[in-house]
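# Secondary and tertiary structure notes
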Amino acid sequence: MSWSFQLYSARNFQPWDKVLQFLGQVGYTQVEGFGGVYGDPAGFRRELDKNGLSMASGHFSIDLLENDFDGAARIAETLGVKLIACPFLMPDARPADAAGWRAFGERLGKVGAKAKKAGFDFAWHNHAFEFEPLADGSVPQTHILDAAPDIGVELDVAWVIRGNADPLDWINRYAKRILAVHVKDIAPAGQNTDEDGWADVGQGTVDWKGLIKVLKEKSAAQVYVMEHDNPSDYQRFARRSFDAVSHF
């Protein structure tokens, strides 16, 4: 396994060359990309190489993957991405019933087949909305993954918890499909309100030491991605989180 850093966590702290230099100095060896760093893939790759970093995984929107998969693949190849993850579905595009979510899962399955043919792994990255019960009591995440049995999962544990679901249950159910994990922490209730209630890894309420032990034993995850959706200081988050997981 290796420790990665989701660059979205540093989106408000430019320039990117300084961010990558800092991450390399802290000890990270990998980063995870997102749309905001794909403007000049070759130039960004040079900065990664310069700082001893690789981009093992990257987030690519469903629109890009469905409408210009070849373009997404070229970006991924240039940056060295091995795992393509689809990270989100906008609220106005979310289905309202089980059939709609199964249909969305089938769309992901088609993208996954293209990715596999092109030599990439492919995974769906969850937020909290996939665990909100539908009218029939089922949850979207089940329909998405069951409708696309060949795609992987990038499990964002903190969003599972915020969706009022049990991460251990989802780890047990889909362990061998979990290809990557987002390592994000949740502050105690009422704290870190200026950071949307998130915390540096190891400083919050999530039992990351225990969860990583289970994930190592049961899942197929090789990439563990540190993330904070809204840090006031990305350097503090990056350093404290890396220090915490280094002792797990």
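Before reading on, note that the structure itself is shown above.
The present account deals with the structure reproduced in this document.

Conventions used here
Residues numbered from 1 in each chain as written. Predicted model: local features only at pLDDT ≥ 70, side-chain atom pairs only at ≥ 80, totals over all residues. Heavy atoms only, no water. Helix = DSSP H or I, 4+ residues; strand = E, 2+ residues; numbered from the N terminus. Rg over C-alpha atoms; globule rule 2.2 N^0.38 Å. Buried < 20%, exposed > 50% of the residue type's maximum accessible area, 1.4 Å probe, protein only. Contact = heavy atoms within 4.5 Å. Areas by Shrake-Rupley, 256 points an atom, 1.4 Å probe, with all protein chains shown as cover. Lys, Arg positive; Asp, Glu negative; His and termini not counted. Charge placed at Lys NZ, Arg CZ, Asp CG, Glu CD. Axes fitted to C-alpha atoms, helices over the stretch in contact; angles between N-to-C directions. Parallel < 35°, antiparallel > 145°, perpendicular 65-115°, else oblique. Left-handed = near helix turned anticlockwise from the far one by under 90°. Nonpolar A, V, L, I, M, F, W, Y, C, P; charged D, E, K, R; others polar.

## What to know about the overall build of the protein
Each helix and strand counted, the protein has 10 helices and 10 strands in total. At 17 Å, the protein has a C-alpha radius of gyration in line with the 18 Å of a compact globule built from 248 residues. Dimensions of the protein, computed from C-alpha atoms along their principal axes, come out at roughly 50 × 45 × 35 Å. Taken over 248 residues, the protein has a buried fraction of 54%. Partitioning the contacts of the protein with sequence separation of at least 6, the portion at a separation of at least 24 is 75%. Within the structure as shown, the protein displays about 10900 Å² of accessible surface, and the carbon and sulfur contribution to it stands at 48%. With 26 positive and 34 negative side-chain charges, the protein shows a spacing of 5 Å between the two charge centroids.

## Side note on the packing of helix α2 (residues 41-50) against helix α4 (residues 69-79)
Running from N to C, α2 and α4 cross one another at 25°; their axes reach a closest spacing of 8 Å. With respect to α4, the element α2 is oriented roughly parallel. Relative to α4, the crossing made by α2 is right-handed. Of the residues in α4, those touching α2 at Pro41, Ala42, Phe44, Arg45 and Leu48 are Ile75, Glu77, Thr78 and Leu79. Tallied by class, residues from the contact of α2 with α4 come to six nonpolar, one polar and two charged.

Don't take any of this as a statement about function, it's just geometry.
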